[in-house]
Amino acid sequence: MARTRGSWTGGTLTARSLLKPQDVARAVFHPAWIPQPLDPSVERLKRVRVIAGAVTSLGVYTFVEGGFDVTELLENAMTASVVLLFLTPLTVGAMLWVWRRGGTVRQVRTPLLRSLALLVLFVGCVAAVLRLVRTVNASANVAVIIGFGMTMLWLLAFTASGAVRVSGNFFGTAAVHRCLPPLLAMVTSWLVAVPDLVTGDLHGLSLTLGIVFILGAPLTVTAIALLEMRRLKRRYGIRLNAHPATHPAVPGPVPPMPSAGSPYLPPQGNPYGHPYAPSGQHPYAPHPQPPYDPRYPYGG
């Protein structure tokens, strides 16, 4: 379905879409103003980065320590969301200071405000889900459990699908600068791991598992993010330290260039030649006329 220019969701939502929270999350958390991907290979790297980032954000050690706990998982997600609420603007502000010589903030003001709105919306959804889960767990009223429970399940699926979307586009910051999503992924993953590294808290895990779960995710995210930025630089000339206004316009995948070893050959034959010229004869040479027939004085 085509997206409408100027619309947040691109006109893709209908009343029937409300029955599918993943469709609503795709329209809301990957809005129409986010630019299209440049390269399929970069998109594949981004998917791997999202998976590795989920290891850091959700805290896999929760499963190892004592099984799956929805409340604890949501509390970890809420903590990570609050960190993102402060960390993302600070990182983007630092990059705006780096870009100050190449352009102004006004040139990227609109995508900046949209990205901030997307960030606040996601944090609000996580907080709403956590509040509903606590309300359902603390209530003994059947009507409250059923009513809030159904809303909680829908919002939980909506927020989980939205988390996958914002992990890929990192709150639409690609609309500001193509290199911002991998940069923010690196900063976030290391910031989540630093407290555990400083305190030496392995969360009850052995030394080997602690190193794997604490350092594995940020190292993986960093390696993939650096490779992603390197491809953006080499293939499209997009540099992290350059203001977005200085980047070449790259609306989509760049078509392949013709091979240097294949010289240009003009089309064979003469397009202006006489259609009835005998084979092997010059097209502008005089052609033999048919014999005169009195029945056709002006030729057949």
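Residues numbered from 1 in each chain as written. Predicted model: local features only at pLDDT ≥ 70, side-chain atom pairs only at ≥ 80, totals over all residues. Heavy atoms only, no water.

Section: the side chain of serine 189
What counts, and what does not: Helix and strand assignments follow DSSP, with helices taken as H or I runs no shorter than four residues and strands as E runs no shorter than two, numbered in order from the N terminus. Relative accessibility thresholds used throughout: buried, under 20% of the residue-type maximum; exposed, over 50%; partly exposed, between the two (1.4 Å probe, protein chains only). Within 3.5 Å is the distance limit for a polar contact, defined as a pair of N or O atoms, with the added protein rule that one can donate a hydrogen and the other accept it, and that residues adjacent in sequence qualify only through two side-chain atoms.
Along the chain, the position of serine 189 falls in helix 7 (residues 180-199). Serine 189 sits in the buried class, given a relative accessible area of 4%. A polar atom in the side chain of serine 189 sits 2.9 Å from the backbone oxygen of methionine 186.

Focus on the pattern of salt bridges
The criterion, for reference: Salt bridge criterion: a side-chain nitrogen from Lys or Arg within 4 Å of a carboxyl oxygen from Asp or Glu.
Evaluation of the coordinates by the stated rule reveals one salt bridge. In this structure, aspartate 23 engages arginine 26 in a salt bridge whose closest nitrogen and oxygen atoms are separated by 3.0 Å. Placement of both aspartate 23 and arginine 26 in helix 1 (residues 21-29) is noted, with a separation of three residues, approximately one turn of the helix.

Considering helix 1
Cut-off, in case you're wondering: Here, residues are in contact when the closest pair of their heavy atoms is within 4.5 Å.
When we look at burial in helix 1, the residues that qualify are Pro21, Val24, Ala25, Ala27, Val28 and Phe29. Contacts from the buried residues of helix 1 go to helix 5 (109-138) and helix 6 (142-169).

Let's talk about the UniProt feature "transmembrane region" (unreviewed entry) in the chain
What counts, and what does not: UniProt positions are given in the numbering used here, feature names are shortened, and annotations may be inferred rather than shown by experiment.
Per the UniProt entry, the sites bearing "transmembrane region" (unreviewed entry) are residues 48-64, 76-99, 111-132, 138-158, 170-193 and 205-227 in this numbering. In residues 170-193, helix accounts for 58% and strand for 0%; the two terminal C-alpha atoms are 19 Å from one another.

Details of the packing of helix 4 (residues 70-98) against helix 5
Heads up, the rule is: Orientation is described by axes fitted as lines to C-alpha atoms, over the contacting stretch for helices, and by angles from 0 to 180 degrees between their N-to-C directions. Oblique is the label for every angle not falling under 35 degrees (roughly parallel), over 145 degrees (roughly antiparallel), or within 65 to 115 degrees (roughly perpendicular). It is the rotation of the near helix from the far one that decides the hand of a crossing: anticlockwise by less than a right angle makes it left-handed, clockwise makes it right-handed. Ten residue types, Ala, Val, Leu, Ile, Met, Phe, Trp, Tyr, Cys and Pro, are classed as nonpolar, four, Asp, Glu, Lys and Arg, as charged, and the remainder, Gly among them, as polar.
Two numbers describe how helix 4 lies on helix 5: the axes approach to 9 Å, and their chain directions differ by 165°. When the axis of helix 4 is compared with that of helix 5, the two are roughly antiparallel. Seen along the crossing, helix 4 lies across helix 5 with a hand that is left-handed. Class assignment of the residues belonging to the contact of helix 4 with helix 5 gives a composition of 19 nonpolar, four polar and two charged.

Section: the layout of surface pockets
As a reminder of what qualifies: Method remark: on a 1 Å grid restricted to protein atoms, a set of points is classed as a cavity if a 1.4 Å probe fits but cannot get out and as a pocket if it is open with protein on both sides within 12 Å along at least five of seven lines; lining residues have an atom within 4 Å of a point. Grid points are joined across faces, edges and corners, and a volume is the space filled by probe spheres set on the points.
Roughly 540 Å³ of volume is contained in the second largest pocket. If you trace the second largest pocket, you find 25 residues lining it, with His30, Glu43, Lys46, Gly168 and Asn169 closest to the centre. For the lining of the second largest pocket, the elements supplying multiple residues, two or more each, are helix 2 (40-58), helix 6, helix 7 and helix 8 (207-236). Here the element with the most residues in the lining of the second largest pocket is helix 2; it accounts for six residues. Among the residues forming the lining of the second largest pocket, the class breakdown is 13 nonpolar, four polar and eight charged.

A few points about the confidence of the model for the chain
For any part of a model where pLDDT is low, the fine detail of the predicted coordinates should not be relied upon. The condition that has to hold: Note: pLDDT gives the predictor's confidence per residue, expressed from 0 to 100.
Model confidence for the chain is summarised by a mean pLDDT of 76, while 69% of its residues fall at 70 or above. When mean pLDDT is taken per element in the chain, helix 5 scores highest with 91 and helix 3 (residues 61-66) scores lowest with 52. The low-confidence segment residues 1-6 (pLDDT under 50) makes 13 contacts with residues lying over four places distant or belonging to another chain. In this model, residues 251-255 is a region of pLDDT below 50 whose contacts with residues beyond four sequence positions or in other chains number four contacts.

Observations regarding the packing of aromatic side chains
Heads up, the condition is: Under the pairing criterion, centres of Phe, Tyr and Trp rings, with the six-membered ring standing for Trp, must be within 6.5 Å; the plane angle then separates stacked pairs below 30 degrees from edge-to-face pairs above 60, leaving the rest tilted. Geometrically, a lysine NZ or arginine CZ counts as sitting over a ring once it is within 6 Å of the ring centre and also within 35 degrees of the ring normal.
Following the criterion strictly, the structure yields five aromatic pairs and no others. Each ring, one from phenylalanine 29 and one from phenylalanine 158, has its centre 5.2 Å from the other, and the planes form 45°; the classification is tilted. Remark: phenylalanine 158 occurs in helix 6 and phenylalanine 29 occurs in helix 1; sequence separation between them is 129 residues. Summarising the burial analysis for this pair, phenylalanine 29 and phenylalanine 158 share the class buried. Taken together, the aromatic side chains of Phe29, Phe122, Trp154, Phe158, Phe170 and Phe171 make up a single cluster linked through ring pairs. Between arginine 100 and the ring centre of tryptophan 97, over which it is positioned, the NZ or CZ distance is 4.0 Å.

Quick look at the nonpolar core
Most often, soluble globular proteins keep nonpolar side chains buried together rather than apart. How we decide: For the purposes of this section, nonpolar cores are sets of buried Ala, Val, Leu, Ile, Met, Phe, Trp, Tyr and Cys residues that join through side-chain atoms within 4.5 Å.
Among the nonpolar cores identified, the biggest contains 30 residues, and Phe29, Phe122, Phe158, Phe170 and Phe171 are the most heavily contacted of them. Sorting the residues of this core by element identifies helix 1, helix 4, helix 5, helix 6 and helix 7 as the ones contributing at least two each. With 11 residues, the top contributor of residues to this core is helix 5. Trp99, Val108, Leu180 and Met229 belong to the second largest nonpolar core, which has 17 residues in total.

Quick word on the environment of leucine 132
Residue position: leucine 132 is located in helix 5. For the pair leucine 132 and leucine 155, spaced 23 residues apart in sequence, the C-alpha separation works out to 9.2 Å.

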